[in-house]
Amino acid sequence: MRMVFDPAEADGLRAAARDAAMEDPTLAYVLADLADRGVDLNGCRTWDDIKAERGLAEDTPAPGEPRVA
């Protein structure tokens, strides 16, 4: 499955890429690539997958403690 951007969003990404090109060419490349190809959702990992790969502990809040990101 692939997520693609509508033409206005893609144009916005390309404009951001042009603005970033001189200061951060890597960011410019990534933004332009996103505008052209979208995002392959099959290659994405969830936050739970990343936590498991890195051995991060579960972040369960104490009772009454708010859960924040």
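Described below are features of the structure shown in this document. (Residues numbered from 1 in each chain as written. Predicted model: local features only at pLDDT ≥ 70, side-chain atom pairs only at ≥ 80, totals over all residues. Heavy atoms only, no water.)

## Some details on the environment of Asp11
In step 1: Locating Asp11 in the fold gives a position in helix H1 (residues 7-20).
In step 2: Its relative accessible area of 46% is what places Asp11 among the partly exposed residues.
In step 3: With 25 residues separating them in the primary sequence, Asp11 and Asp36 have C-alpha atoms 9.6 Å apart. (Helix = DSSP H or I, 4+ residues; strand = E, 2+ residues; numbered from the N terminus. Buried < 20%, exposed > 50% of the residue type's maximum accessible area, 1.4 Å probe, protein only.)

## What about the pattern of salt bridges?
Two side chains carrying opposite charge are able to pair once their charged atoms lie near each other.
In step 1: Here the structure, examined in full by the defined rule, presents five salt bridges.
In step 2: In this structure, Arg14 engages Asp36 in a salt bridge whose closest nitrogen and oxygen atoms are separated by 3.0 Å. Of this pair, Arg14 sits in helix H1 while Asp36 sits in helix H2 (residues 25-37), placing them 22 residues apart in sequence.
In step 3: Asp36 sits in the exposed class, given a relative accessible area of 54%.
In step 4: Connected through salt bridges with shared partners, the residues Asp11, Arg14 and Asp36 form a single ionic network. (Salt bridge = Lys/Arg side-chain N within 4 Å of Asp/Glu carboxyl O.)

## A few points about a nonpolar patch on the surface
In step 1: Taken together, the side chains of Met1, Met3 and Leu41 define a hydrophobic patch exposed on the protein surface, amounting to about 300 Å² of accessible area.
In step 2: Tracing the backbone through its elements, the reader meets Leu41 in the loop between strand E2 (39-40) and helix H3 (47-54). (Patch = residues over 30% accessible without salt bridge, like charges linked within 9 Å, V, L, I, M, F, W, Y side chains within 5 Å. Areas by Shrake-Rupley, 256 points an atom, 1.4 Å probe, with all protein chains shown as cover.)

## Notes on H2
In step 1: Over its 13 residues, H2 runs 18 Å from end to end, which matches the ideal 18 Å to within 8%, given 1.5 Å per residue.
In step 2: Turning to H2, its buried residues number three or more, namely Ala28, Leu31 and Ala35. For H2, the arc enclosing every buried residue in end-on projection is 70°, short of the 170-degree limit, so these residues lie on one face. Along H2, the residues that are exposed and aim more than 90 degrees away from the buried face are Thr26, Tyr29, Asp36 and Arg37.
In step 3: At its buried positions, H2 is contacted by H1. (Expected span 1.5 Å × (residues − 1). Arc of directions from axis to C-beta. Contact = heavy atoms within 4.5 Å.)

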